[in-house]
Amino acid sequence: RQPAEDNGPAREPHPGIGKRKTMSSPSDAEVIGRSLDQPEAFGLIYDRHAATVLRFLGRRVGAEVAEGLIGELFRIAFERRKTFDASRVSALPWLYGIGSNLLLKHRRGEARRLRANARMAADEASNRRGSAAPRGARALWNRLSGCRRF
């Protein structure tokens, strides 16, 4: 066996691969702060995070419902941008929190709708049985009243 060749020190991957330059792009906190005076600046937060938050929502409620919730999420975030903690560099955890609250609200609404549908179905079945019972009793009475007593 021959000894392995030593090609020098192990190469580190290029430090710039997979990383964005943060020097040229403002942090989310800076963008949100700027959006307080220039509301259109908040669009950059949407551009940066909408796809990620959409996947987060979609994994939990499906793509169709998630698409409906994403607009609501960013509307709420825009309205509450004054409450964003500027010491945070990224808005993503904040957006996840808003998304989690929306998911909870959505699930509660779904549960209420399911309970209401179950009550309506039970009431409808009860009404069908209740309305059929008097007719059945009347028919039975008519038949029995035609019989002779022994």
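Quick summary incoming for the structure in this document. (Residues numbered from 1 in each chain as written. Predicted model: local features only at pLDDT ≥ 70, side-chain atom pairs only at ≥ 80, totals over all residues. Heavy atoms only, no water.)

**Notes on the pattern of salt bridges**
When charged atoms on two side chains of opposite charge get close, those side chains can pair.
Now for step 1: Enumeration over the complete set of coordinates arrives at five salt bridges.
Now for step 2: Between D28 and R48 there is a salt bridge, and its shortest N-O distance comes to 2.5 Å. On the criterion of sequence distance, the pair formed by D28 in helix α1 (residues 28-35) and R48 in helix α2 (residues 43-61) is long-range, its members being 20 residues apart. Taken individually, D28 and R48 each receive the classification buried, so the pair is uniform in this respect.
Now for step 3: With its nearest N and O atoms 2.6 Å apart, the salt bridge here joins R75 to E72. Within this pair, R75 and its partner E72 are both found in helix α3 (residues 63-79), separated by three residues, close to a single helical turn.
Now for step 4: Here R75 falls in the partly exposed class, since its relative accessible area comes to 36%.
Now for step 5: Taken together, the shared-partner salt bridges connect E72, R75 and E79 into one network. (Salt bridge = Lys/Arg side-chain N within 4 Å of Asp/Glu carboxyl O. Helix = DSSP H or I, 4+ residues; strand = E, 2+ residues; numbered from the N terminus. Buried < 20%, exposed > 50% of the residue type's maximum accessible area, 1.4 Å probe, protein only.)

Interpretation in functional terms is not warranted from these geometric data alone.
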